[in-house]
Amino acid sequence: MSRLRLLLKRFPTLADIGVLVSGTVGAQMLVLVLTPVSARLYTPEENGAFALLLAAATMIATIAGLRYELALVVEKNAAAARTLLRFVLTFIGGVGVCLTLGAYFAREWLARVFDHPELAPWCLAIGPIMVGLACVNVFNQWFTRERHFRALAWNRLQLRGGIEGAQILSALASFGGVGGLIVGQLIGVGLSASTLAWRAREALRPGRGKPLHPILREHKNMPLLNGPNALIDQVRMQGILFLIGYFFSVASVGQFSKAWLLMQAPVALVTGAISQVLFQRFSTIERGGMYAAVRRCVLGSAAAAALPFLVLLVVAPALFPWYLGARWEVAGYMAQALVPWLFMNVLSSPISTVYVVVRRQGLMLAFASAYLAVGCACLVVGAQLGLSLLATVWVLSLAMAACLGGLIAVTFRVARSYDAAAWVA
């Protein structure tokens, strides 16, 4: 224990990652325990309809704060950061009101597009869900700035447990279907956002701060470059669900989304924890050390992820129907197909914040545009050629894995150039 304390004292980044990963592990344990129950209470069609609504809310939530929440981490002045925090949360509230009104008028059209009438009355939930997700994201960046990683770890546990638990209780109380899934999402996200807001209440109190306009101008690259990049990334991922629903069926969306949840959720949470800590770490690295930090991150991620993904590649088709129930057999084969894509995601995701630190968001925007085009093209071409959904997902996964390999290579070059002071950061 004494050696461990000395190691963590010498390398505080490891301690911060450990704290966030502990919350991640707890959250994933809850998902692993509760998902088999939920999968037997809700059908693939119901999960698919819910996934489409959640996709719309998630897509908007990513850019609802104009990506100014990322500036909370890099802003040096504490008063300016508090001013920016209050502005972003207020702006998100306004976007939520507009989105709710838009969903009200578009609800019948959305239900017709996906041939699922049950969706129509629940479209009004898109706005509140979006606000909750966006606020959780903002507070995550705020507590990253404050290095309160324990608060973030606990919140991840609360978020997943709240959503899964509320959805199960809704079904057991005879309020299942799409409505039960949506109500559970609202309860879980609402509790998570409220808890973080309470912890950050001192920063939210009105008071003297820095003028807002100079702060927004200083961080203008966040909405101008990082904002479109984030939107493109979300359009790519959520657009995949919409295209599956359009070309195949809502039930297919349910199978794919369940495979993605169980395969990608631990990946996203672990890489998210590492990315969050490394974002703060990368922002303090002097020129000359960036390439080495990126290299260590990629090699470490590859070493940690290789064996688990190899095991999943072999056992996923048999594991999913045993774990979730016989009606989720297709999800097992989809999970197997997603392995190449998710493995490369583990390697590339933690180093993506380098582009923000060195202010090269334009390169990331170019990559995100190409990444979006490749992903959508795979689904459209696969459907037009008459390929099965499973074959199309295999093509999609391999193509996206190749794209992420290219991103890693470009990131190495960016880090080298930054170390060599080829541009002014």
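What you see is a predicted model; the values in this text were computed from it and never measured.

**Side note on the overall build of the protein chain**
Next, step 1: Secondary structure summary: the protein chain contains 17 helices and 0 strands in total.
Next, step 2: Out of the 425 residues in the protein chain, the part that is buried amounts to 52%.
Next, step 3: A separation threshold of at least 6 residues defines the contact pool for the protein chain, and within that pool the share at least 24 residues apart is 85%.
Next, step 4: For the protein chain, the exposed surface amounts to about 18,700 Å²; the carbon and sulfur share of it is 66%.

**Digging into unusual backbone geometry**
Next, step 1: A positive phi angle, close to 60°, is found at Leu66, a residue other than glycine.
Next, step 2: Looking at where Leu66 falls in the secondary structure, it is placed in the loop between helix H3 (44-63) and helix H4 (71-74).
Next, step 3: At Arg67, a position not held by glycine, the phi torsion is positive, near 65°.
Next, step 4: By the secondary structure assignment, Arg67 is in the loop between H3 and H4.
Next, step 5: Arg67 sits in the buried class, given a relative accessible area of 13%.

**Comments concerning the packing of aromatic side chains**
Next, step 1: All chains considered together, the criterion is met by 11 aromatic pairs.
Next, step 2: Note on Trp122 and Phe175: the rings are 6.2 Å apart at their centroids and 70° apart in plane angle, and the pair reads as edge-to-face. Taken together, the residues span a long stretch of sequence, with Trp122 in the loop between helix H5 (78-113) and helix H6 (126-145) and Phe175 in the loop between helix H7 (149-172) and helix H8 (177-199) at a distance of 53 residues.
Next, step 3: Look at Phe175 and you get partly exposed, because its relative accessible area is 38%.
Next, step 4: Three or more aromatic residues link up through ring pairs in this structure, and these residues are Tyr68, Phe87 and Phe91.
Next, step 5: Cation over ring: Arg201 sits above Trp198, and NZ or CZ is 4.1 Å from the ring centre.
Next, step 6: Lying over the aromatic face of Tyr291, Arg416 brings its terminal NZ or CZ to 4.0 Å of the ring centre.

**Here we look at H6**
Next, step 1: Taking 1.5 Å as the rise per residue, H6 with 20 residues should run 28 Å; its terminal C-alpha atoms sit 29 Å apart, in good agreement.
Next, step 2: Most of H6 sits inside the fold, with 16 of its 20 residues counted as buried.
Next, step 3: Looking at the residues trailing H6, positive phi occurs at Arg147, about 60°.

**Some thoughts on the pattern of salt bridges**
Next, step 1: If you walk through the whole model with that rule in mind, you get 4 salt bridges.
Next, step 2: We note a salt bridge from Arg67 to Glu69, for which the minimum N-O separation is 3.3 Å.

**Details of the nonpolar core**
Side chains of nonpolar character tend, in soluble globular proteins, to be buried together.
Next, step 1: Counting 113 residues, the largest nonpolar core has Leu84, Phe256, Phe320 and Trp341 as its most contacted members.
Next, step 2: With 13 residues, the top contributor of residues to this core is helix H17 (residues 389-419).
Next, step 3: If we skip the residues at most four places from it in the chain, Phe320 touches Lys258, Ala259, Leu262, Met263, Gly325, Trp328, Ala331, Gly332 and Ala335.

**A look at the side chain of His219**
Next, step 1: Along the chain, His219 falls in the loop between helix H10 (212-218) and helix H11 (221-247).
Next, step 2: Using a relative accessible area of 6% as the deciding quantity, one classes His219 as buried.

**Some words on the environment of Pro44**
Next, step 1: Mapping Pro44 onto the fold places it in helix H3.
Next, step 2: C-alpha of Pro44 to C-alpha of Arg327: the two residues are 283 residues apart in sequence and 7.9 Å apart in space.

**Quick word on the packing of H11 against helix H16 (residues 361-384)**
Next, step 1: Look at H11 against H16: their axes get within 9 Å of each other, and the N-to-C directions meet at 10°. Comparing the axis directions of H11 and H16 gives the class roughly parallel.
Next, step 2: Its residues placed into classes, the contact of H11 with H16 shows 18 nonpolar, 7 polar and 1 charged.

**Brief notes about the packing of H3 against H6**
Next, step 1: H6 packs onto H3 with a crossing angle of 45° between their chain directions and a minimal axis gap of 8 Å. Here H3 lies oblique to H6, going by the angle between them. Considering how the two elements wind past one another, H3 and H6 form a crossing that is right-handed. Where H3 abuts H6, its residues Leu53, Leu54, Ala56, Ala57, Thr58, Ile60 and Ala61 lie against Ile126, Ile129, Met130, Leu133 and Ala134.
Next, step 2: When grouped by side-chain class, the residues that make up the contact of H3 with H6 number 11 nonpolar, 1 polar and no charged.

**Re a nonpolar patch on the surface**
Next, step 1: A grouping of Leu307, Leu310, Val311, Val314, Val315, Leu319 and Trp322 is seen on the molecular surface, where their side chains present a nonpolar patch of about 710 Å² in accessible area.
Next, step 2: Here Leu319 is to be found in helix H13 (residues 290-324).
Next, step 3: For Leu319, a relative accessible area of 34% puts it in the partly exposed group.

**Here's the deal with the environment of Leu85**
Next, step 1: Position of Leu85 relative to the elements: it lies in helix H5.
Next, step 2: In this structure, the C-alpha to C-alpha distance between Leu85 and Val138, residues 53 residues apart in sequence, is 7.7 Å.
Next, step 3: Discounting residues that sit within four places of it in the chain, Leu85 has contacts with Leu72, Val138, Trp142, Ala203 and Leu204.

**Describing the environment of Val315**
Next, step 1: Topologically, Val315 is positioned in helix H13.
Next, step 2: Residue Val315 is classed as partly exposed on the basis of its relative accessible area, which comes to 33%.
Next, step 3: Linking Val315 and Gly332, residues 17 residues apart in sequence, is a C-alpha distance of 8.7 Å.

**Some details on the state of the cysteines**
Next, step 1: Within the structure shown, the criterion is met by 0 disulfides.
Next, step 2: Here Cys376 is not cross-linked by a disulfide; its sulfur's nearest cysteine counterpart is in Cys378, at 9.3 Å.

Quick notes on the rules
- Residues numbered from 1 in each chain as written.
- Predicted model: local features only at pLDDT ≥ 70, side-chain atom pairs only at ≥ 80, totals over all residues.
- Heavy atoms only, no water.
- Helix = DSSP H or I, 4+ residues; strand = E, 2+ residues; numbered from the N terminus.
- Buried < 20%, exposed > 50% of the residue type's maximum accessible area, 1.4 Å probe, protein only.
- Contact = heavy atoms within 4.5 Å.
- Areas by Shrake-Rupley, 256 points an atom, 1.4 Å probe, with all protein chains shown as cover.
- Phe/Tyr/Trp six-rings, centres within 6.5 Å; stacked < 30°, edge-to-face > 60°.
- Lys NZ or Arg CZ within 6 Å of the ring centre and 35° of its normal.
- Expected span 1.5 Å × (residues − 1).
- Salt bridge = Lys/Arg side-chain N within 4 Å of Asp/Glu carboxyl O.
- Core = buried A, V, L, I, M, F, W, Y, C linked by side-chain atoms within 4.5 Å.
- Axes fitted to C-alpha atoms, helices over the stretch in contact; angles between N-to-C directions.
- Parallel < 35°, antiparallel > 145°, perpendicular 65-115°, else oblique.
- Nonpolar A, V, L, I, M, F, W, Y, C, P; charged D, E, K, R; others polar.
- Left-handed = near helix turned anticlockwise from the far one by under 90°.
- Patch = residues over 30% accessible without salt bridge, like charges linked within 9 Å, V, L, I, M, F, W, Y side chains within 5 Å.
- Disulfide = S-S within 2.5 Å.

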